[in-house]
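# Structure assessment
Chain residues, written in single-letter form:
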Amino acid sequence: MKLRPDFIHEFLPGSSSRTLLLLHGTGGNERDLIPLGRQLDPNAALLSPRGKVLENGMPRFFRRLAEGVFDIEDLKYRTDELADFVSAAAQHYGFATDQLFAVGYSNGANIAASMLLLRPEITQRAILFRAMVPLIPDALPDLSSARIWIGAGDQDPIIPASETKRLAELLRRAGADVTIRFFKAGHGLTNVDVVTAREWLTEL
Ligand code: MLT
């Protein structure tokens, strides 16, 4: 059976009821974050799609006009498309969405944040590495049962600390329980990010 809408993706079954939705950064693919997913939770199932938008041949999850300047109409369209894919995949592979966690890095974290804001029925749990405000929704969703962890680099040249704090504030205004951690790091993911996110996930 073909998934509709479909994305090139990997699905690795797990031995627990948890599923991690892995969303790569610009220039990544569906295999990139599999090792990260395994590090975060070795027992979880992993669903890892490849972004459909190409920027100079590099896959992304939505179009941008410049670094940090997003094509909002495309972002909304791509957020819906990804959300519909995740719900079709849940039926197809038989995983429960109440134990689904979005795990995104950079561009993948930004579409995960967009999905929390626009399609909160898909998941209210997320680990966002190097995220910024993707868009301001017309109406704030009810995220009062959301649990979100954000990891930022205090020397990130792409995402200033103020931008990550703005995202945390927006999610909190929607009622989410947000943990935000700043690391001595740039835009790249560090081992401390992964270890700290794993601790948070384990304690949930
Ligand atoms: C984005 O485009 O989502 C952000 O600028 C992060 C990036 O992918 O470089």
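Here, the structure is the one placed above.
A brief structural summary. As the structure is a computational prediction, the values presented were derived from the model and not from experiment. (Residues numbered from 1 in each chain as written. Predicted model: local features only at pLDDT ≥ 70, side-chain atom pairs only at ≥ 80, totals over all residues. Heavy atoms only, no water.)

Taken as a whole, the largest pocket holds about 160 Å³ of empty space. Considered class by class, the residues forming the lining of the largest pocket number five nonpolar, seven polar and three charged. (1 Å grid on protein atoms, 1.4 Å probe; cavity = no way out; pocket = protein on both sides within 12 Å on 5 of 7 lines; lining within 4 Å. Points joined across faces, edges and corners; volume = space filled by probe spheres on them. Nonpolar A, V, L, I, M, F, W, Y, C, P; charged D, E, K, R; others polar.)

Another point: the pairing of strand E2 (residues 19-23). Here E2 lies mainly inside the structure; five of its five residues are buried. Neither face of E2 is exposed, since Thr19, Leu21 and Leu23 on one face and Leu20 and Leu22 on the opposite face are all buried. For E2 and strand E3 (residues 45-49), the ladder comprises three bridges, and the chain directions are parallel. Within the sheet, the bridge partner assigned to Leu21 lies in E3 and is Leu47. You can see the chain leave E2, run along helix H1 (residues 34-40) and come back into E3, and the turn it takes is right-handed. Where E2 and strand E8 (residues 100-105) come together, five bridges link them in parallel fashion. (Buried < 20%, exposed > 50% of the residue type's maximum accessible area, 1.4 Å probe, protein only. Helix = DSSP H or I, 4+ residues; strand = E, 2+ residues; numbered from the N terminus. Pairing = 2+ DSSP bridges. Right-handed = clockwise from strand over helix to strand, strands pointing away.)

Next up on the list: the pairing of E3. Counting buried positions along E3 yields five of five residues, so the element is predominantly enclosed. Every second residue of E3 is oriented toward a common face, with Ala45, Leu47 and Pro49 on one face and Leu46 and Ser48 on the other, all of them buried. Sheet analysis places strand E1 (residues 9-12) next to E3, joined by four bridges and oriented antiparallel. Directly across from Leu12, in E3, lies its bridge partner Leu46.

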